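Here is what each chain is made of, one letter per residue.
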Amino acid sequence: MKNKKISFNETGLFSKLICDFVNSDLKLDFFNQSFFQLKDIKNHIKYSEKKDNTILLNVLKEQYKKTNFFNSKLSLIQSNINSLQNNNTYTVTTGHQLNICSGPLFLIYKIISVLAYTHYLNKNIDTCHFVPCFWMATEDHDFEEIKNIKLYGKDYNWNLSTLDAVGNLPTDSISIFLDQIRDVLSATENGINLLDIYDFVYTKNINYADATRALLTSFFGNHGLVVVDGNHPKLKQLFVNDLKEEVCNQFVYNTVLRNNNLIKTQYKPEINAMQANIFYLNNKKRKKIIFDKGVFSTSDSIYKWSKNELLSEIETYPERFSPNVLLRPLYQERVMNNLIYIGGPSELSYWLQLVIMFKERKQVFPFLALRSHFLILSKKTIKMQKKLGFQDFDLFIPYNKQLRKVINSRSPIKTKKYFQVLNELLLDFEKKFHSIDGFPMNSFYVFQKRFNSEFKRLESKILRFEKTKNANVLNQLKFINENIFPNNIAQERVISFIPYYLKYGPHFFDLLIRESSIFGNKYTILKEDE
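What counts as what
- The residue numbering used here restarts from 1 in each chain and proceeds along that chain's sequence as written.
- Predicted model: local features are reported for residues with pLDDT of at least 70 only, side-chain atom pairs are reported and counted for 80 or more only, and whole-chain, interface and lining totals are derived from all residues.
- Hydrogens and water are ignored here; the side-chain numbers use all heavy atoms of the structure.
- What counts as a salt bridge is simple: a side-chain nitrogen of Lys or Arg found within 4 Å of a carboxyl oxygen of Asp or Glu.
- For every residue, the accessible area (1.4 Å probe, protein chains only) is compared with the maximum for its type, and the residue is labelled buried under 20%, exposed over 50%, or partly exposed between those bounds.
- Secondary structure follows DSSP: runs of H or I at least 4 residues long count as helices, runs of E at least 2 residues long count as strands, and numbering of each begins at the N terminus.
- Here, any two strands with at least 2 DSSP bridges between them count as paired.
- Here the axes come from fitting lines to C-alpha atoms, over the contacting stretch only for helices, and the angles between their N-to-C directions go from 0 to 180 degrees.
- Note on contacts: a residue pair qualifies if any of its non-hydrogen atoms lie within 4.5 Å across the two residues.
- Orientation is classified from the angle alone, with under 35 degrees giving roughly parallel, over 145 giving roughly antiparallel, 65 to 115 giving roughly perpendicular, and any other angle giving oblique.
- Gly is placed with the polar residues, together with every amino acid not listed as nonpolar (Ala, Val, Leu, Ile, Met, Phe, Trp, Tyr, Cys and Pro) or charged (Asp, Glu, Lys and Arg).
- What qualifies as a polar contact is a pair of N or O atoms within 3.5 Å, subject to a donor-acceptor requirement within protein and to the restriction that residues adjacent in sequence count only when both atoms come from side chains.
- Think of a 1 Å grid over just the protein atoms. A cavity is a set of points where a 1.4 Å probe fits yet cannot get out, a pocket is an open set with protein on both sides within 12 Å along at least five of seven lines, and lining residues have an atom within 4 Å of a point.
- Grid points are joined across faces, edges and corners, and a volume is the space filled by probe spheres set on the points.

### A few points about the pattern of salt bridges
As enumerated under the stated definition, the model contains 23 salt bridges in all. Between Lys 39 and Asp 40 there is a salt bridge; the shortest N-O distance is 3.6 Å. Taking relative accessible area as the criterion, Lys 39 reaches 54% and is therefore assigned exposed. The exposure class assigned to Asp 40 is partly exposed, which follows from its relative accessible area of 24%. Between Arg 334 and Asp 242 there is a salt bridge, with its nearest N and O atoms 2.8 Å apart. One end of the pair, Arg 334, is in helix H14 (residues 328-336); the other, Asp 242, is in helix H11 (residues 240-249), with 92 residues separating them in the sequence. By the burial criterion, Arg 334 is buried, and Asp 242 matches it. In this structure, a network of salt bridges that share partners links the residues Lys 16, Asp 20, Asp 25 and Lys 27.

Encoded structure:
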């Protein structure tokens, strides 16, 4: 594939905050890190003190021991896990929900970004070792967001009714889901190999967390990716003091509120400060803990505690308590102590809302990096792009503007030119009428307003006429937009990686790693070779 890189600003897909972040122009006095470079990493390593990772190391060994892997060589992963006890080892991490079959595309892009960064750092800083990590959102209970994939325009769903944390879900019902996509995957050799992986990891592992670890290891084990499940009693023990402090003083709400007030001077905060930030995870349910009239209870009122009772249970059974989206980054850093956290635009936006919280909780804030973004253009899409005379940045403008641009370039009726001519004539009229004493200018302005309105109506009728005349243009535009913005949503958030894996096999991942942006600020368009 060929590549073309354009600025994030040119796409129109990103907020002002994210554009300023990648352009090192973030207007936030409390955060001066912005888009870091290699020299910043070296300085941080030189002057920072690395904390002990023994507990994480032991938990990872336990988690990997109980996972059944598909034909995976674990030597590099085991070496990376063992290296966590060394003072010169640092982790680079991303995280995400456990989407079925590891779709959609942007989940793969996040992992690819971590691998690209660690490859680069290991090559350029030979005194240290950098380990790529993926933090599984095993405690998330929003099953609706992970249960389906889209293949060749068709949706496939894992049908299950649950309120449990997704990592705890049994894998036995996934076989029915796999039967839905079996014919699609069996059409190619790469698809058959992929199906073998899915069949193994989802039938040989009892719970969904272990199955996902096995699946990601099948894809990225040769790069040493370490997959972390934070839903573990020994890891939760590291977070007991923070959980208790949140119950007593609501530090999340208070610090995020202050942080948001600073952000609001320049940008719109991603998430509002919330007063309830802890979930109770028990009996196959994850329910938010709320405080009302001196009593703590789950949102369904099944469990109730006094403050002392709740603090006591946190101390005794920390694994029953699960952080929400604003508290999870602090928990993650208590466990990982990452050098770099790589996330998507929304993630980085809400991480920036946590700077004050990290400072007051005395936790080192990691370097933040925006994951790589790709738009993949098929041969057919490229062909139609050329027929329409579109530049790459034209692919990102709204459909109606695309349509007008194409129609205006092909139509013999140059409405824009005609309007300029007529408008100049009206301006001459205005000057002439102004020079006449007592001329009723309001009458002219009413006429001018009516003219502009009628010209727009005429323009709309001309556009409708040209659309009928150029039906093939509409079809070409529709095809392009259905492929790059299906249902007006970015390609990466809808389409699974599977069609590309069927076509290119594991080399698809290697291609993405090579094309990833490292210390860069560009959006990458990948074009299939014609």
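### Some details on the sheet that holds strand S3 (residues 129-136)
Adjacent strands of a sheet pair through backbone hydrogen bonds, lying either parallel or antiparallel. Spatially, the 5 strands line up as an open sheet ordered S6-S3-S2-S12-S13, and their pairing is parallel. Every interior strand has two partners, whereas the edge strands, strand S6 (226-229) and strand S13 (367-370), have only one. Between one strand axis and the next, the sheet turns by 30° as a mean value, whatever way the strands run. Across 8 bridges, the pairing between strand S2 (residues 89-96) and S3 is parallel. By the bridge assignment, Gly 95 is partnered in S3 with Trp 135. Against the sheet, helix H6 (residues 105-124) contacts S2, S3, strand S12 (340-343) and S13, and its axis sits at roughly 170° relative to S2.

### Some thoughts on the packing of helix H18 (residues 399-410) against helix H20 (residues 441-469)
H20 packs onto H18 with a crossing angle of 80° between their chain directions and a minimal axis gap of 10 Å. Between H18 and H20, the crossing angle belongs to the class labelled roughly perpendicular. Between H18 and H20, the contacting residues are Leu 403, Arg 404 and Ile 407 on the first element and Leu 463, Glu 466 and Lys 467 on the second. For the contact of H18 with H20, the residue count by class is 3 nonpolar, no polar and 3 charged.

### Overview of the side chain of Asn 337
In this fold, Asn 337 is placed in the loop between H14 and S12. Among the polar contacts made by the side chain of Asn 337, one reaches the side chain of Gln 363 at a distance of 3.2 Å. Dropping the residues within four chain positions of it, Asn 337 is found in contact with Lys 51, Thr 91, Gln 332, Gln 363 and Val 364.

### Considering the sheet that holds strand S11 (residues 321-323)
Here 5 strands make up an open sheet; going across it, the order is S10-S9-S8-S7-S11 and the pairing antiparallel. Here the strands that pair on one side only, and so sit at the sheet edges, are strand S10 (304-305) and S11. Across 3 bridges, strand S7 (residues 278-282) lies against S11 in antiparallel orientation. Counted as the bridge partner of Ile 278 is Pro 323 from S11.

### A short note on the layout of surface pockets
The volume enclosed by the second largest pocket comes to roughly 460 Å³. Along its surface, the second largest pocket is lined by 21 residues, and Tyr 152, Asn 483, Ile 495, Pro 499 and Tyr 500 are the ones closest to its centre. Of all the secondary-structure elements, those providing two or more residues to the lining of the second largest pocket are strand S4 (148-151), strand S14 (374-377), helix H21 (471-484), helix H22 (491-494) and helix H23 (498-504). Among the elements that take part in the lining of the second largest pocket, H21 stands out by supplying 4 residues, more than any other. When the residues that make up the lining of the second largest pocket are grouped by side-chain class, the tally is 11 nonpolar, 6 polar and 4 charged.

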